[in-house]
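Results of the structural survey
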Amino acid sequence: MASVTYENVYKRFGDVVAVDDLSLDIKDKEFLVLVGPSGCGKSTALRCLAGLEEITEGTIKIGERVVNDVPPKDRDIAMVFQSYALYPHMSVFDNMAFGLKLRKMDKNEIKRRVGDAAEILGIENLLERKPRQLSGGQRQRVALGRAIVREPNVFLLDEPLSNLDAKLRVQTRAEISKLHKQLQTTFIYVTHDQTEAMTMADRIAVMKLGILNQVDSPQNLYDRPVNKFVAGFIGSPSMNFFDGKLVQSDGKVVFDGGSFIVAIPDAKKGLYAPHAGKSVTFGIRPEDVHNPDFMPQGIIPGMVEAKVEVTELMGNEIFVYLNSGQHESFIARVDPRSRYEFNNTVQVAFNMDNFHIFDNATEDAIR
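Summarised in this report is the structure supplied together with it. Keep in mind the model is a prediction, meaning the values are calculated, not measured. (Residues numbered from 1 in each chain as written. Predicted model: local features only at pLDDT ≥ 70, side-chain atom pairs only at ≥ 80, totals over all residues. Heavy atoms only, no water.)

Attention now goes to the pattern of salt bridges. Applying the stated criterion across every chain, the model contains 16 salt bridges. The closest approach of N and O atoms between Glu30 and Arg203, which form a salt bridge, is 2.5 Å. Taken together, the residues span a long stretch of sequence, with Glu30 in the loop between strand E2 (16-26) and strand E3 (31-35) and Arg203 in strand E9 (residues 203-208) at a distance of 173 residues. The class for Glu30 is buried, based on a relative accessible area of 5%. (Salt bridge = Lys/Arg side-chain N within 4 Å of Asp/Glu carboxyl O. Helix = DSSP H or I, 4+ residues; strand = E, 2+ residues; numbered from the N terminus. Buried < 20%, exposed > 50% of the residue type's maximum accessible area, 1.4 Å probe, protein only.)

In structure tokens:
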């Protein structure tokens, strides 16, 4: 097994910097997810590790070995792409065994590896079928099996669930997480879907415009984002943002959003008092915006008046789209017993134990 290290890696395509000074240590047997919007450089970073793109500057190591000039076939990695890329004229067995046959591996060893991989993936009864006889989920399992049989030190997965429907994506991401625990191998997984990242990763690396913004555990990214971009990208629905100012008066610190004012709790006043008078962005997640009639006990509420624009009943909760005046719509996730109707003016309670404030000039979180 092997760790992976990026040291000050750049990848340029002409004047475009796709990966910008990436330094990242991925531990042996870790499941790391590279996440970010389209064009952020996550797939390029993965392809550089695979040897499918030549880096412009920097060093990439697998274990202690520098692999900058090592051909892809000698890097001891296996890659699963968004496209299944199965040979349509070959059986499932032959698709999985093809790479091993090219290496002129012993037939009995090939049979063993394919059989073991098929058992892990639950496709033992599909080995004689052709790809056209398989569902999308079964084809994805075959693509995973083709990687597993190589018994690599590092698995690279580039948006492997994008072609699956929503229900199958949920099922398959659970299978991939289980697979990681079974194989005890380093997994590096690329996705633009933050839900996949949150549910699967040991750690998440968030990228934007080729730059690594933050790498941390899913819970720490959710609770302590370093900047407005990470805060807005992690979490679904995404965090609500309100522009305004921090104001200090009569020994209190408040956030003045123009159409509403909420008081900063005394426990956090010392952190934000030095920034009084500064233009900031106030952030709060939809799950921390409550119907006052059903809010959790013990929280410090900040009451805000808003008008109901849209309600979406989800069964176990209601998404309420609200407008507080000068601000664009924001979202509350409220108790399903709530009775919010279109165009009603209502009170909602911000949980002032869980909010974030970002400096407007730098977009960094004030900590």
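Let us keep going from here.
With that settled, the discussion passes to the sheet that holds strand E18 (residues 330-334). Working definition: the strands of a sheet are paired by backbone hydrogen bonds and lie parallel or antiparallel to each other. In space, the 5 strands of this open sheet follow the order E15-E19-E16-E17-E18, with antiparallel pairing throughout. Strands at the two margins of the open sheet, each flanked by one partner only, are strand E15 (289-290) and E18. Of the pairings in the sheet, the one linking E15 to strand E19 (residues 345-351) comprises 2 bridges and is antiparallel in character. Pairing of Val289 across the sheet is with Phe350, part of E19. (Pairing = 2+ DSSP bridges.)

Before going further, it helps to spend a moment on the state of the cysteines. Inspection of the entire model under this criterion finds 0 disulfides. Residue Cys40 stays outside any disulfide, its sulfur separated by 13 Å from that of Cys48, the closest cysteine. According to the relative accessible area criterion, Cys40 is buried, its value standing at 1%. Accessibility expressed as a relative area gives 2% for Cys48, which makes it buried. (Disulfide = S-S within 2.5 Å.)

Moving on, we come to helix H3 (residues 107-121). With 15 residues, H3 ought to run about 21 Å at 1.5 Å a step, and its terminal C-alpha atoms sit 21 Å apart, in line with that. Every buried residue belonging to H3 is among Ile110, Arg113, Val114, Ala117, Ala118 and Leu121, and all of these are buried. Along H3, the residues classed as buried sweep out an arc of 130° about the axis, all on the same side. Residues of H3 that are exposed and point over 90 degrees away from its buried face: Asn108, Lys111 and Glu119. Each element contacted by the buried residues of H3 is listed here: helix H2 (92-102), helix H4 (136-148) and helix H5 (166-183). Backbone geometry just downstream of H3 places Gly122 in the positive-phi region, at approximately 70°. (Expected span 1.5 Å × (residues − 1). Arc of directions from axis to C-beta. Contact = heavy atoms within 4.5 Å.)

Attention now goes to the pairing of strand E11 (residues 240-249). Strand direction decides the pairing type here: E11 and strand E14 (residues 279-284), joined by 6 bridges, are antiparallel. In the strand pairing of E14, Phe241 is matched with Gly283. Sheet topology note: the E11/strand E12 (residues 252-256) ladder contains 5 bridges and is antiparallel. Counted as the bridge partner of Leu246 is Phe255 from E12. What sits between the antiparallel neighbours E11 and E12 is a turn of 2 residues, in which Asp250 has the positive phi angle 55°.

It is worth spelling out unusual backbone geometry at this point. Among all residues save glycine, negative phi is the norm, and among peptide bonds the norm is trans. In this structure, Pro237 follows Ser236 across a cis peptide bond, with omega equal to -5°. Structurally, the position occupied by Pro237 is in the loop between helix H8 (228-233) and E11. Despite not being glycine, Asp21 shows a phi value in the positive range, around 55°. Relative to the assigned elements, Asp21 resides in strand E2.

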